[in-house]
Amino acid sequence: MNTAEFVLVWYRNDLRTYDHPSLVAACQSGLPVLALFIATPGSWRQHHMAPVKQDLIRRRVRALEQELSELNIPLLALEADDYPSCLPVFERLLRSGVQALFADMDYELREQQRDRKVEALFHQNGKAVHWSNRRAFMPPGSVLNKSGEMYQVFTPFKKAWLQQLAGLGVQVAKRPAPQLVAPQVRIDMPGMRPGDGSSLAYPVTEQQVLERMRRYCQAQVQDYQQKRDFPALDATSGLSAYLAIGVISVHQAVARLQLEHGQTLSQSDSGPAVWLSELIWRDFYIHILVAFPQLIKHKAFQAETDQIVWPNEPQLFQAWCDGKTGYPIVDAAMRQLNQTGWMHNRLRMIVASFLVKDLHIDWRWGERYFMSKLIDGDFAANNGGWQWAASTGTDAAPYFRIFNPVTQSERFDPKGEFIRRMVPELADVATTQIHWPHPLPIWSDYVAPVVDHSQARLRTLELFKAVKQP
């Protein structure tokens with residue numbers, strides 16, 4: 001192994017070259033820069049990471065390898081089983097001459113444990129570790145109420161967040177200049193394996209993703225408020241998968257919004273302002289996760305709701321997973337998830353409410369299933385969304401507000417276009433019947449409803465009242 005001195009940039013959920021403070025700092029160190037990515041399929045399985053997301057990561061790393069090579073920075077892409085298996089990689093790199101480690105912080109429990117062990121190893125060898133904090137726009141712990149505590153309701157958090165934005169502005173780091181010298185380092189460990197190709201519908205070069213963001217902010221975001229809740233329309237950004245693995249940063253998205261729509265961002269009902277609000281929700285859930293680490297252990301934020309005894313009937317859960325509940329909008333949404341690895345946000349709320357408040361199944365079952373399927377799976381956002389829908393989380397929907405899946409369908413897929421696209425058994429059903437096609441036409445092989453919504457609603461109220469204080 002070569003013993004020339006160099007510094008290391010450890011990539012995880014930040015797979016980009018633009019707006020990457022750790023990469024910039026490494027390039028300013030005066031030493032050659034080596035980049036590292038370690039695929040850990042065993043730990044990914046522990047996190048229930050969807051195969052389609054794993055494939056997207058693997059494809060993106062190969063594109064990143066080419067992009068970094070343009071900067072004269074080699075990327076070492078390795079394969080280990082799990083987080084503990086990563087430690088020997090760093091031991092070998094320390095013997096090879098690494099002088100410092102630069103990386104962006106992760107916030108989940110296993111990731112924090114992994115990072116502490118790596119940091120301790122570097123310190124034991126007299127080497128520095130530099131963490132940047134780019135996963136959220138505002139670093140966790142930086143948006144607090146007047147008592148110095150974390151906000152537990154979104155609206156005041158958003159107000160304080162926007163005030164800080166007005167004061168701080170947006171700083172987006174430039175892409176580093178090409179380096180003069182590339183380190184020559186070889187590690188005798190297995191290289192990263194290719195994926196299964198399941199994410200091929202998603203382009204993975206940085207320029208393609210940045211152009212997608214620019215195009216959306218320039219031409220579509222104005223209509224976001226009016227069109228965002230209608231799954232038959234192509235009205236959302238399509239950037240969630242890229243934000244989840246860090247091909248773009250939330251800072252880049254906010255900067256682009258300000259550049260294109262600086263004047264309308266202050267109008268709370270404008271499309272750009274509403275899309276910005278969704279980005280703030282993303283920050284909110286990251287901040288909540290860090291402030292209340294019990295959530296990482298799948299505890300309910302509202303502790304008393306952990307006392308609910310959910311019936312958890314397996315056949316009902318399977319019907320939900322398969323998109324065979326007899327409720328067309330629910331089934332269309334679940335089939336979209338199963339077939340594409342993505343689900344429209346309005347539909348995520350509908351199917352989550354249905355699982356918990358119509359089928360009476362523990363929200364954690366749904367949270368885990370979503371993570372196992374979503375290309376944009378992100379623990380903080382997924383947990384926050386599920387607890388919101390289940391009325392167990394921070395700023396959650398009150399437990400007595402229960403989505404009616406039929407009226408939701410009538411409101412957000414009024415012509416049944418999305419349902420017909422995803423549930424071909426109902427393709428020829430009249431629009432007046434498609435939201436509730438029961439009793440079924442004699443020719444239809446669509447399933448009968450697995451529950452009665454009105455009765456299920458009453459049972460939900462009983463379950464919550466049993467654990468709520470009078």
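Refer to the preceding data block for the structure.
From a predicted model like this one, the values you see are computed outputs, not experimental measurements.

Definitions and cut-offs
Residues numbered from 1 in each chain as written. Predicted model: local features only at pLDDT ≥ 70, side-chain atom pairs only at ≥ 80, totals over all residues. Heavy atoms only, no water. Salt bridge = Lys/Arg side-chain N within 4 Å of Asp/Glu carboxyl O. Helix = DSSP H or I, 4+ residues; strand = E, 2+ residues; numbered from the N terminus. Buried < 20%, exposed > 50% of the residue type's maximum accessible area, 1.4 Å probe, protein only. Right-handed = clockwise from strand over helix to strand, strands pointing away. Pairing = 2+ DSSP bridges. Axes fitted to C-alpha atoms, helices over the stretch in contact; angles between N-to-C directions. Parallel < 35°, antiparallel > 145°, perpendicular 65-115°, else oblique. Left-handed = near helix turned anticlockwise from the far one by under 90°. Contact = heavy atoms within 4.5 Å. Nonpolar A, V, L, I, M, F, W, Y, C, P; charged D, E, K, R; others polar.

Remarks on the pattern of salt bridges
Moving on, step 1. This model, assessed by the stated rule, comprises 26 salt bridges.
Moving on, step 2. Two residues, Arg135 and Glu108, come together in a salt bridge whose shortest N-O distance is 2.8 Å. With Arg135 in the loop between β5 (128–132) and α6 (154–168) and Glu108 in the loop between β4 (98–104) and α5 (109–124), this residue pair connects regions lying 27 residues apart in the sequence.
Moving on, step 3. Look at Arg135 and you get buried, because its relative accessible area is 11%.
Moving on, step 4. Classification of Glu108 by relative accessible area gives buried; the value is 10%.
Moving on, step 5. As a salt-bridge pair, Arg364 and Asp362 come within 3.0 Å of each other at their nearest N and O atoms.

Topic: the pairing of strand β2 (residues 33–39)
Moving on, step 1. The buried count for β2 comes to 7 of 7 residues, which makes it a mostly enclosed element.
Moving on, step 2. Here β2 shows no split at all, with Val33, Ala35, Phe37 and Ala39 on one side and Leu34, Leu36 and Ile38 on the other all buried.
Moving on, step 3. The handedness of the strand β1 (residues 6–11) to β2 crossover, carried by helix α1 (residues 21–27), is right-handed.
Moving on, step 4. Of the strand pairs in this sheet, β2 and strand β3 (residues 75–79) are connected by 5 bridges, and their pairing is parallel. Following the sheet pairing, Phe37 is matched in β3 by Ala77.

Things to note about the packing of helix α13 (residues 328–340) against helix α14 (residues 345–357)
The description of two helices packed together rests on the angle between their axes and the distance between the axes.
Moving on, step 1. Put simply, α13 and α14 touch, their axes get as near as 9 Å, and they point 115 degrees apart. The angle between α13 and α14 places the two elements in the roughly perpendicular class. Where α13 crosses over α14, the handedness of that crossing is left-handed. Where α13 abuts α14, its residues Ile329, Val330, Ala333, Met334 and Gln336 lie against Leu347, Ile350, Val351 and Phe354.
Moving on, step 2. Taken together, the residues that form the contact of α13 with α14 break down as 8 nonpolar, 1 polar and no charged.

Remarks on the packing of helix α12 (residues 314–322) against helix α15 (residues 363–373)
Moving on, step 1. The N-to-C vectors of α12 and α15 enclose an angle of 35 degrees; their axes lie 12 Å apart at closest approach. Considering the relative orientation of α12 and α15, their crossing is right-handed. When α12 is examined against α15, the residues Phe317, Trp320 and Cys321 are found in contact with a partner set consisting of Trp365, Gly366, Tyr369 and Phe370.

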